[in-house]
Amino acid sequence: MKKLSILIGLLFITSCSQNSDTSSNGVSTVSWTIPTIGTAFIYQLQQQDPVAPFDTVMILQTGQHLGGKTGVIGCLDKAGTAGTFFYNIEPNGDISDGDPTTTSLGVDTITWTTFPTASHQPISDPVTDTIESGIHIFRSNVRTFVGAETLTTTAGQFSTLHVRETSISIISGPDSLDCNASDTSILDRWYAPAIALYVKVVSSGTNDGVTSEPSEVDLIKYLPK
């Protein structure tokens, strides 16, 4: 567990060393351009067959009041099967993903995950560190700001804000239970304020010490309305 504490500490130190794009009064200096309804973003998984279907995201609604937030953007995501998702530009310039769920009582709710695109301060979910039936369970999730970068895809050149989500899961117990597992998942996103969505996503990580093959999704067409 000492190694985990050191790793999480390094994640926080790395993020805190970045300069902030948020002024002292909490007003963002990041200028986001909110897309209009009907705007489409077409993505492609770089490892897939070129003839495979693309992933298309289309803006359905803007300025919604959902999940305790205002100005929420609703999208249709046609990744294999059509589904909807939400995101929100926070007052300080950070960006949040909304995960819609329905509780056991049938109440619709949204769980928000915020990325520090403007605040540049690490955002951590509550850490799980518990023992259940003799099994030690540790889970953490930290989102940090990596830096401002210029990216070029087939959709064009974009000024982006690079953020990273690092998730750690460790399960350990007696040998008789054969339950030991250690996983690290890293999700990098490059958000472009000019289009108010990401232009590149890279997923990587390890599973019990074995590095998994990374996957990359790039924006290949941007079709504003």
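Within every chain, residues take consecutive numbers counted from 1 along the sequence as written. Two thresholds apply to this predicted model, a pLDDT of at least 70 for residue-level local features and 80 or more for giving and counting side-chain atom pairs, whereas whole-chain, interface and lining totals are computed over all residues. By convention in this description, side-chain values take in all heavy atoms of the structure and omit both hydrogens and water.

Draft legend 1. Region of interest: the overall build of the chain. For the chain, the count of helices and strands is 1 helix and 14 strands. Out of the 225 residues belonging to the chain, those deemed buried represent 39%. Contacts between residues were defined by any pair of non-hydrogen atoms, one from each residue, lying within 4.5 Å. Pairs at least 24 residues apart make up 48% of the contacts formed inside the chain by residues separated by at least 6 positions. For every accessible area listed, the method is Shrake-Rupley and the probe measures 1.4 Å; residues are considered covered only by the protein chains on display. Within the structure as shown, the chain displays about 12100 Å² of accessible surface, and the carbon and sulfur contribution to it stands at 55%. Where helices and strands are cited, they refer to DSSP runs of H or I of at least four residues and of E of at least two residues respectively, numbered from the N terminus. For every residue, the accessible area (1.4 Å probe, protein chains only) is compared with the maximum for its type, and the residue is labelled buried under 20%, exposed over 50%, or partly exposed between those bounds.

Draft legend 2. The pattern of salt bridges, seen in detail. Each reported salt bridge corresponds to a side-chain nitrogen of Lys or Arg within 4 Å of a carboxyl oxygen of Asp or Glu. By the definition in use, this model includes 6 salt bridges. Between E90 and K69 there is a salt bridge whose closest N-O contact spans 2.9 Å. Here E90, found in the loop between β4 (81–89) and β5 (95–102), pairs with K69, found in strand β3 (residues 69–79); they are 21 residues apart in sequence, far enough to count as distant. A single burial state applies to E90 and to K69, both of which are buried. The closest approach of N and O atoms between R143 and D125, which form a salt bridge, is 3.1 Å. Here the residue R143 occupies a position in strand β9 (residues 135–153), and D125 occupies one in the loop between β7 (123–124) and β8 (128–132), the gap between them amounting to 18 residues. We classify D125 as partly exposed; its relative accessible area is 31%. When salt bridges with common partners are traced through the structure, they connect D125, R143 and E165 into a single cluster.

Draft legend 3. Summary view of the nonpolar core. To qualify as a nonpolar core, a set must consist of buried Ala, Val, Leu, Ile, Met, Phe, Trp, Tyr and Cys residues joined through side-chain atoms within 4.5 Å. Counting 31 residues, the largest nonpolar core has W32, F41, Y87 and V199 as its most contacted members. Of all the elements in the fold, those that place two or more residues in this core are β1 (40–45), β2 (55–66), β3, β4, β9, β10 (156–172), β11 (181–192) and β12 (197–207). In terms of residues, this core owes the most to one element, β12, which gives 5 residues. Each residue touching V199, except ones within four places of it in the same chain, is listed here: L151, T153, F158, T160, W190, A192, V217, D218 and L219.

Draft legend 4. How the structure looks around the pairing of strand β14 (residues 215–223). Pairing analysis gives 6 bridges linking β1 to β14, with the strands arranged antiparallel. Looking at the pairing, F41 lines up with Y222 of β14. Pairing of β12 with β14 involves 4 bridges; the strand directions are antiparallel. Looking at the pairing, K200 lines up with D218 of β14. For two strands to be treated as a pair, DSSP must find at least two bridges joining them.

Draft legend 5. Region of the structure containing the environment of I137. Among the secondary structure elements, I137 is positioned in strand β9. When the C-alpha positions of I137 and I171 are compared, they lie 4.7 Å apart, and in sequence the two are 34 residues distant. Setting aside residues up to four positions removed in sequence, I137 forms contacts with T128, D129, T130, E132 and I170.

That's the geometry; what it means functionally is another story.
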